[in-house]
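Now for the letters of each chain:
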Amino acid sequence: MAAHRADDPRERSDGIGWVSRAIFGDRRLWLDVSAAPPPPGHRVAARYAVVPSVARAKFLLPLASRRVGAASTLAYNALRPPRVRANRLAVGVLAGLGATGLARMPVLTVAVPDGVEETELLLAAHLGRLAGRRLHAAIGIRPPDPHHKPTLQLFDDRGGARGYAKIGWNDATRAMVAAEAIALRELPRDGGDFPDVPRLLRELRWGDLAVTLVEPMPARVRRLPHPERPEVAAMLAVARRGGPASTPRPLRGSPFLADLGARAERAGGPVVDAVAALVARDGDTTLEFGHWHGDWVPWNLGRHGGRLVAWDWENSGAHRPVGFDLAHQGFQSALSLGGRPVPAAAAEMVAVLQRHGEAFGLDATRRRLVADAYLVELWLRTAELAAGGGGWSDRLHPALLHVLAERLSDGTG
């Protein structure tokens, strides 16, 4: 078993620390970012350039070959914001020339003990064995967050994209990757207004990790030209699974409310009162119910061949008010892209529903109901992630409860 060492990134508390613990967690693996050679009895299995540095790590670029390194940096670059795109292009050029050392990027070395197969200790090697070809992993790094899932972008020896492996490493994220696998198996693929969706390639367990392997996106997928503009026809197609509208029904007695109430009781606390207030005010209001994507935001969407492409279906579900994806885009775009606090994000959501709600059959009363029901749903999702080991989101809790209390107590929405 490898000893604890200062140059082992698994000993760090930052982004590269939690990602390396999740992906290279077996302590028989020797990891080092100091350029030291592996100890006797070990052989190098993989090397990664740490972009741009260990302290500010954003990306682990595989150094298996120039072709693989360049491909892992340049693939899907058209989806990224201009500044990120330019930085990736510069790194990709260096990788293609075999000159990442010129940028003084440190190298993460991964070594396995002699006599132990790489497929036993390295997830990318195991997935390659299952696929019948050697695979190399490019690994994004985000700040430590128990809600985040490490993702391996997989390439073959020629630099061809072969898929994304999404990794659930705690109860909350394991449930999320399992939910996406279920969704991808069930989604329609008949074209029309329903967006194109990547196919599920494989679902497996790797030690205590849950892994969902999804096919790569089209190579020429591009960012949305107007990311702030809701894709109304596609949202409705997702809600109705590509079929006709369903008959509206009252909130009271709906499967949605039964689910919301049961989840609120499990969570306990003020959200129980929020659900009760919602029913007291709007229980007899009729709504169309259907499916939702669950994380409909510009960074999960793209364009290819004139069609919309949508990915990351891990939060999708049925029996939700039609218009939930619209509410989610309004709220999350303001919160995550705009950096606005919860009250301002909720106000932006209300404004988006007002501008586009008519296409979803939402008058003023129904817009208010959808907005408040969405905020209850979002808070319950936050609570369930916390209960599953994900911890509380400081951005949403307790601010979201304060907004809900204000909106449901004054009756104005």
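Residues numbered from 1 in each chain as written. Predicted model: local features only at pLDDT ≥ 70, side-chain atom pairs only at ≥ 80, totals over all residues. Heavy atoms only, no water.

1. What about the environment of Ile23?
Positionally, Ile23 belongs in helix 1 (residues 15–23). Using a relative accessible area of 7% as the deciding quantity, one classes Ile23 as buried. Contacts of Ile23, omitting those with residues within four sequence positions, involve Ile139, Pro150, Leu152 and Ile167. (Helix = DSSP H or I, 4+ residues; strand = E, 2+ residues; numbered from the N terminus. Buried < 20%, exposed > 50% of the residue type's maximum accessible area, 1.4 Å probe, protein only. Contact = heavy atoms within 4.5 Å.)

2. Notes on the nonpolar core
Core analysis: the largest hydrophobic core is formed by 63 residues, its most contacted members being Trp313, Phe331, Met349, Leu353, Tyr374, Leu375 and Val376. In terms of residue count, the dominant contributor to this core is helix 12 (residues 364–390) (11 residues). With sequence-adjacent residues up to four places away left out, Leu375 is seen in contact with Phe331, Met349, Leu400, Val403, Leu404 and Arg407. Of all hydrophobic cores here, the second largest spans 38 residues; its members include Ile23, Leu29, Leu204 and Val211. (Core = buried A, V, L, I, M, F, W, Y, C linked by side-chain atoms within 4.5 Å.)

3. A word on the side chain of Gln332
Looking at where Gln332 falls in the secondary structure, it is placed in helix 10 (residues 324–337). Classification of Gln332 by relative accessible area gives buried; the value is 10%. Leave out the neighbours within four places in its chain, and Gln332 touches Val297, Trp299, Leu337, Tyr374 and Leu378.

4. Here we look at the layout of surface pockets
Where empty space is left in the structure can be found by rolling a water-sized probe over the atoms. In this structure, the second largest pocket occupies an estimated 370 Å³ of space. Taken together, 24 residues line the second largest pocket, and the ones lying closest to its centre are Ala45, Ala46, Arg134, Leu135 and His136. (1 Å grid on protein atoms, 1.4 Å probe; cavity = no way out; pocket = protein on both sides within 12 Å on 5 of 7 lines; lining within 4 Å. Points joined across faces, edges and corners; volume = space filled by probe spheres on them.)

5. Structural notes on helix 6 (residues 171–186)
Between its first and last C-alpha atoms helix 6 spans 23 Å; for 16 residues at 1.5 Å apiece the expected length is 22 Å, and the two agree. Where helix 6 is concerned, the buried positions are Ala172, Thr173, Arg174, Met176, Val177, Glu180, Ala181, Ala183 and Leu184. Lining the buried residues of helix 6 we find strand 7 (161–168), strand 8 (200–206), strand 9 (209–214) and helix 12. (Expected span 1.5 Å × (residues − 1).)

6. A few points about the pattern of salt bridges
Applying the stated rule across the entire model yields 28 salt bridges. Salt-bridge contacts for Arg240 lead to Glu288; the nearest nitrogen and oxygen are separated by 2.9 Å. Separated by 48 residues along the polypeptide, Arg240 in the loop between helix 7 (232–239) and strand 10 (249–250) and Glu288 in the loop between strand 11 (286–287) and strand 12 (289–292) bring together distant segments of the chain. Under the relative-accessibility criterion, Glu288 is labelled buried at 11%. The residue Arg263 makes a salt bridge to Glu384 at a minimum N-O spacing of 2.7 Å. Residue Arg263 is located in helix 8 (residues 255–267), and its partner Glu384 is located in helix 12; the two are separated by 121 residues in the primary sequence. Judged by relative accessible area, which is 35%, Glu384 ranks as partly exposed. (Salt bridge = Lys/Arg side-chain N within 4 Å of Asp/Glu carboxyl O.)

7. Considerations on the packing of aromatic side chains
For the structure on display, the rule yields 11 aromatic pairs. Between Phe194 and Trp313 the ring centres are 6.2 Å apart and the planes differ by 10 degrees, which places this aromatic pair in the stacked class. One end of the pair, Phe194, is in the loop between helix 6 and strand 8; the other, Trp313, is in the loop between strand 14 (307–310) and strand 15 (317–321), with 119 residues separating them in the sequence. For Trp313, a relative accessible area of 0% puts it in the buried group. (Phe/Tyr/Trp six-rings, centres within 6.5 Å; stacked < 30°, edge-to-face > 60°.)

8. Looking at the sheet that holds strand 3 (residues 59–62)
Pairing is antiparallel across the open sheet formed by 9 strands, whose spatial order is 1-4-2-3-5-6-7-9-8. In the strand order of this sheet, the two ends are held by strand 1 (30–32) and strand 8, each with one partner. Each strand of the sheet is rotated relative to its neighbour by a mean of 25 degrees, with strand direction disregarded. With 5 bridges connecting them, strand 7 and strand 9 associate as antiparallel partners. (Pairing = 2+ DSSP bridges. Axes fitted to C-alpha atoms, helices over the stretch in contact; angles between N-to-C directions.)

Keep in mind these values describe shape, not function.
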